[in-house]
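The lines below spell out each chain.
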Amino acid sequence: MKLEKVTAVCFSPTGNAKKITNAIAQTIASREGIPFHEDDITLPYLRRGLREYSAGELVVFGTPVYAGRIPNKILPAVQTLFEGNGALAIPVVTFGNRSFDNGLIEVRNELEQHGFHTIAGAAFVSEHVMSAKLAGGRPNEGDFQAICQFALDAAAKIDALEEGPHDGMAQVPAPVAVKGEDPIPGYYRPLQADGSPANFLKAKPKTTDACTDCGICARACPMGSISPEDFRTVTGVCIKCQACVKLCPVGAKYFDDPVMLSHIRMLEDHYSRPAENEVFL
Ligand SMILES: Cc1cc2nc3c(=O)[nH]c(=O)nc-3n(C[C@H](O)[C@H](O)[C@H](O)COP(=O)(O)O)c2cc1C
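Scoring rules and cut-offs
- Residues numbered from 1 in each chain as written.
- Predicted model: local features only at pLDDT ≥ 70, side-chain atom pairs only at ≥ 80, totals over all residues.
- Near = placed C-beta within 6 Å.
- Helix = DSSP H or I, 4+ residues; strand = E, 2+ residues; numbered from the N terminus.
- Domains from an automatic or database assignment.
- Nonpolar A, V, L, I, M, F, W, Y, C, P; charged D, E, K, R; others polar.
- Core = buried A, V, L, I, M, F, W, Y, C linked by C-beta atoms within 7 Å.
- Buried ≥ 20, exposed ≤ 12 C-beta atoms within 10 Å, placed from the backbone.
- Contact = placed C-beta atoms within 7 Å.
- Pairing = 2+ DSSP bridges.
- Right-handed = clockwise from strand over helix to strand, strands pointing away.

Caption draft 1: Seen up close, the site of the ligand. For the ligand, the set of nearby residues contains 26 residues, the closest of which are S12, N16, A17, P64 and G96. Mapped by element, the contributors of at least two residues to the shell around the ligand are α1 (16-32) and β6 (88-95). With three residues, the top contributor of residues to the shell around the ligand is α1. Both domain 1 (5-186 + 276-280) and domain 2 (206-256) contribute no fewer than three residues apiece to the shell around the ligand.

Okay, structure coming up:
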């Protein structure tokens, strides 16, 4: 089957999901000699307006896994902004060395429910935003080789689809089989270093005196939760994505919630081995 266009859609507060999603989409677009488009939905003002696709298009849809699933505050956008109308799709998740649990199957299911035919899927390891001891430096060169190989294999699978009347194909492909539980159970429940439950939902970033009031943090917050009048004040929900921490040019943002720090220690104690990328074709 001949593709006409590839779009990389991503939610990516600290950029790893975006790097990986774009690399897959660009590899496929250049192999096929077709246009590549980017649709980054990380910031609130970008999560507006229905995106409609059609048969002959491919969407590579990437998001980090939070608590084993699609970040819960982003799920409504995933469920309302995209209509495939017979387009092909590749669900992609990134995860920080613990596990992608049911994140990939959840993206696959949402895409299938919204008119896409999922043709391939993948979960790639990336440095955990909360600790460089978890997959520090990933995706690395070896990961990018795997990412490009996955893209080429997915493109070959699309090429091999016979042309016909069903959304441009002789037969509609079955949803790609990926790892995960279906129906999808609840979210992963974080633990503290001593094994007790870790509830740090209310944790928010703090600000040191190094802050220069540049406002980068407020503009980078995917929830629009840092006050534009006072960059030290968090007015709305915090999803702990670390965008403000990572992007602050003077390192003025930090978290000191003891339960959250204990959870990070637990992750470092149990999940520092290099996790494997997993592809599904
Ligand atoms: C709130 C939160 C929850 C997370 N939950 C998981 C998880 O369940 N499993 C895992 O391996 N990594 C988890 N991570 C790590 C992210 O998936 C990883 O750092 C991701 O690739 C970051 O993507 P980004 O750079 O596009 O923001 C979590 C990160 C955050 C901020």
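Picking up where we left off.
Caption draft 2: Representation of the domain arrangement of the protein chain within the structure. Partitioning the protein chain into domains gives domain 1 (5-186 + 276-280) and domain 2 (206-256). Summarising the inter-unit geometry, the C-alpha centres of domain 1 and domain 2 are found 28 Å apart. In terms of residue class, the side of domain 1 that touches domain 2 is built from six nonpolar, two polar and one charged.

Caption draft 3: Spotlight on the nonpolar core. Ranked by size, the top nonpolar core spans 58 residues in total, and within it I24, L58 and V60 carry the most contacts. When contributions to this core are tallied by element, the ones reaching two or more residues are β1 (5-10), α1, β4 (57-64), β6, α3 (103-113), β8 (121-125), α4 (141-159) and α7 (258-270). The element contributing the most residues to this core is α1, with seven residues. For V60, the contacting residues outside a window of four places in its chain are V6, A8, T21, I24, A25, I90 and V92. Residues V234, C241, C244 and A252 belong to the second largest nonpolar core, which totals 12 residues.

Caption draft 4: Layout of the pairing of strand β2 (residues 36-40). Pairing geometry for β1 and β2, over five bridges, is parallel. Bridging across to β2, C10 finds its partner in D40. Note on the crossover from β1 through α1 to β2: the handedness is right-handed.

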